[in-house]
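# Coordinate inspection notes
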There are 2 protein chains.
Amino acid sequence: MSSLFLSSADLESIFAQAGPDSLLDELIMRLRAAFRRLDSGAAQIPPRSGLSYRSPGLGLLEWMPASLGEGSATLKVVGYHPSNPALRGLPTVISSIGQFDTSTGHLKGMLDGTLLTAMRTGAMSAIASGALARPDSDTLGIVGCGAQAVTQAHALSRLFPLSRIIAFDTDPAAMGSLRRRLGFLDIPVETVDRAQLPELLERSDILCTCTSAEPGAGPLFPDFRNRSHLHINAVGSDFHDKIELPVELLRRAFVCPDFRDQAMREGECQQLAPSEIGPELADVLKSESRFASRQNELTVFDSTGHALADYIATEMILDHANRMGIGSAIELECLPRDPKNPYSFGAGSTFERLQAGRNASLGAT
Amino acid sequence: MSSLFLSSADLESIFAQAGPDSLLDELIMRLRAAFRRLDSGAAQIPPRSGLSYRSPGLGLLEWMPASLGEGSATLKVVGYHPSNPALRGLPTVISSIGQFDTSTGHLKGMLDGTLLTAMRTGAMSAIASGALARPDSDTLGIVGCGAQAVTQAHALSRLFPLSRIIAFDTDPAAMGSLRRRLGFLDIPVETVDRAQLPELLERSDILCTCTSAEPGAGPLFPDFRNRSHLHINAVGSDFHDKIELPVELLRRAFVCPDFRDQAMREGECQQLAPSEIGPELADVLKSESRFASRQNELTVFDSTGHALADYIATEMILDHANRMGIGSAIELECLPRDPKNPYSFGAGSTFERLQAGRNASLGAT
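Residues numbered from 1 in each chain as written. Chains lettered and ligands numbered in written order. Predicted model: local features only at pLDDT ≥ 70, side-chain atom pairs only at ≥ 80, totals over all residues. Heavy atoms only, no water.

## Digging into the pattern of salt bridges
Following the criterion strictly, the structure yields 36 salt bridges over all chains and no others. Note that Arg203 of chain A and Glu190 of chain A form a salt bridge whose closest N and O atoms lie 3.3 Å from each other. Here Arg203 of chain A, found in helix H7 (residues 197-203), pairs with Glu190 of chain A, found in strand S9 (residues 189-191); they are 13 residues apart in sequence, far enough to count as distant. For Arg203 of chain A, a relative accessible area of 27% gives the class partly exposed. Of the charged contacts, one joins Arg294 of chain B and Glu297 of chain B as a salt bridge, the two residues approaching to 2.9 Å between their closest N and O atoms. (Salt bridge = Lys/Arg side-chain N within 4 Å of Asp/Glu carboxyl O. Helix = DSSP H or I, 4+ residues; strand = E, 2+ residues; numbered from the N terminus. Buried < 20%, exposed > 50% of the residue type's maximum accessible area, 1.4 Å probe, protein only.)

Put into structure tokens, the structure is as follows:
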């Protein structure tokens, strides 16, 4: 019984064949459908947990499990190592995802979670914005010009008629390269300095905050005079004490977390009392018409990262891989021919060889 | 940056080249050394957790993480699906293990956990018996003739001068095939019926209980007149309410759990008050001379499964794979050339192709 392993080159082939825009559109559609039908009775999506260590460097290794009770489960493993870019030229987040058959425990497939995490995070902001931002939103503000900015802008461009992107970062190099990185969108990218940040905030129809602000250092800016219909995707908060938005703004807003319990521990919702927090995104999507009037109000999507999104992204990519015949099938598990004999696996029998080897060596003495 | 994937055929090659006895001996030595040096300050070995579900069938998918603070972490995923043998000809336990670099989050390697779990469970019983059983123990009793019986007997045969194995199972087929499955050991295997079970128990120097008794159905037998130096490896208990040994026996014994917190939830220690439970195996191994006199007393090793053992077994097999040049190196993770551009991975650039594609299609309209 084999497991399908996708290399990064395989993933590139899948993107090349299907088209990156097409895959992102499909991901947005699949995610919206999945969150709409999310059955909290059948699904099991425990909050993430992990190992944290300070040696050899500060780091986190977390796992995010998800099962919908439909025959599969995914387990994403995410490494978070802030010293990766400077010390090793590697991204801060490196991730892999396994998909398991919940009838048997068999590993069905395994693939990268680094790109997939970035894409599903963008797609989730697009879905939340689709429900809570005005459909004619054309000005996207971005605070934080790192890796997430690319997929946030890409995903939002698939749903909204964006005619300008205004961006800010405390790191001039990150801000300077954003126009090049977003060049494929054919949307003018304007960058502003710290003094013009209030203007960025006040002009935005949709705002994405996706910084790596230090825990305890937030918020990124004081409260401001927002467009009355502003929708914010708060993407950066994912740690205890790491926040991006001023609490005064949150208190004025309709706040929709992706995952309430997690958001109260790691997201903007850390700053709020339970009664100040709105429904989860899944509940908004289940009765979108009931929340349609929120499109004209200040709204915040508190995005901490939802394992259901990893589950759906994994399923989509593996569906394409199977359809295209892409990937390496490897029989990884040592499944014995006799379930009562763990040594009876493989082409020959290790057990028989063991016996033959023992007799031979006994004969030789 | 590639990850090393070992197929079951690769694992078979490693066993064929190194020799199964040699690998098992090395595993016993490595495990003993690792538990002796286990530094509970630096190591992070949280109790296992998982998903349980009743559809499409009763099942569990659990993960067992371990880090020693030495640059690596392992995450074993274990499926437990009791209907596998009857419905699918598959073993109840199917497992895979990933090894991660805790400097970067990179997946270093991945391999089967099915065989490895059986082997390390046997090796752990051998180590516990080495500390707590008499070195001249020659009679091994086995209650439960399934897959675990094979690796229990194999591992114990490496440390003790076994001259007879006496076995019992409620399933005549399992009991009937044990002699064949243990043939490679060249140790006489005697099986007994239910009426002779007391005799099996009373004659054993070392006893292994490794049944799949139903939760709530235990103990397997009433208390009995044991040899004064009897050492028991209680391997089967790994669930709430699943027990194998009578509480009267446990209360007379020196009880050494592999992992105290887990054993109190899932092992024989469920039946005991905290004050009735002895030190963990690691503590016994750290001052073995202090516990030497226990070799002449009734002792029980309460084995629920320790993620450190998976960590060490994985490290050993990957060491051999690297030395032998065995396995498939796959670049699984999409590591971008520009850490701020998640699309800049792979041979060509998905991002550049995306741009080229868009311009081409714009030109075509």
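That was the structure; now back to the text.
## Things to note about the interface of chain B and chain A
Where interface size is given, it is often the accessible area lost as the parts come together that is meant. Chain B puts 95 residues into the contact, and the matching count from chain A is 95 residues. Buried surface at the junction of chain B and chain A, summed over both partners, amounts to about 7,800 Å²; 67% is from carbon and sulfur atoms. When the buried area of chain B at its contact with chain A is split by residue, Glu12, Lys340 and Tyr343 of chain B rank highest and sum to 9% of it. Linking chain B with chain A are zero salt bridges. For the pair chain B and chain A, the number of links is 20 residue pairs in polar contact (both at pLDDT 80 or more). (Contact = heavy atoms within 4.5 Å. Buried area = accessible area lost by both parts, 1.4 Å probe. Polar contact = N/O pair within 3.5 Å; in protein donor to acceptor, adjacent residues only side chain to side chain.)

## Quick look at the sheet that holds strand S12 (residues 254-257) of chain B
Through backbone hydrogen bonds, the strands of a sheet pair up, either in parallel or in antiparallel fashion. Residue and element names in this part refer to chain B. On the basis of which strands lie adjacent, the open sheet formed by seven strands has the order S9-S8-S7-S10-S11-S13-S12 and parallel pairing. If you trace the sheet from one side to the other, it starts and ends with strand S9 (189-191) and S12, each paired once. Pairwise comparison of adjacent strand axes, ignoring direction, gives a mean angle of 20 degrees for this sheet. Taken together, the four bridges between strand S10 (residues 206-209) and strand S11 (residues 231-234) define a ladder with parallel strand orientation. In the sheet register, Thr209 faces S11, and the bridge partner there is Ala234. Contacting S10, S11, S12 and strand S13 (299-302), helix H4 (residues 114-132) runs over the sheet at an angle of about 155 degrees to S11. Together, strand S8 (164-168) and S9 form the strand contacts of helix H6 (residues 172-181), whose direction differs from that of S9 by roughly 170 degrees. (Pairing = 2+ DSSP bridges. Axes fitted to C-alpha atoms, helices over the stretch in contact; angles between N-to-C directions.)

## So, the relation of the copies chain B and chain A
In summary, the two copies of the chain are related to each other by a rotation about an axis coupled with a shift along it. Superposing chain B onto chain A takes a rotation of 180 degrees plus a shift of 0.0 Å along the axis, which leaves an RMSD of 0.0 Å. Such a combination of turn and shift is consistent with a two-fold rotation axis. An overlap of 100% is found between the interface residues of chain B and their copies at the interface of chain A, pointing to a shared contact surface. (Least-squares fit on C-alpha atoms with pLDDT ≥ 70 in both.)

## With respect to the sheet that holds strand S3 (residues 59-67) of chain A
All names here are of chain A. With mixed pairing, seven strands are arranged side by side in an open sheet as S2-S3-S4-S5-S6-S1-S14. The sheet is open, and its two borders are formed by strand S2 (49-53) and strand S14 (328-330), each paired with just one other strand. Here the strands of the sheet are splayed against their neighbours by 15 degrees on average, with no regard to which way each runs. The sheet contact formed by strand S1 (residues 3-5) and strand S6 (residues 107-112) spans two bridges and is parallel. In the sheet register, Phe5 faces S6, and the bridge partner there is Met110. Running over the sheet, helix H11 (residues 307-324) touches S1, S3, strand S4 (72-80), strand S5 (93-101) and S6 and is turned about 75 degrees from S3.

## Concerning the environment of Glu315 of chain B
All names here are of chain B. Checked against the element boundaries, Glu315 lands in helix H11 (residues 307-324). A residue is classified by how much of its surface remains accessible, and Glu315, at 23% relative accessible area, is partly exposed. C-alpha separation for the pair Glu315 and Ser72, spaced 243 residues apart in sequence, amounts to 9.2 Å. Not counting residues within four places of it along the chain, the set of residues in contact with Glu315 comprises Arg30 and Gln99.

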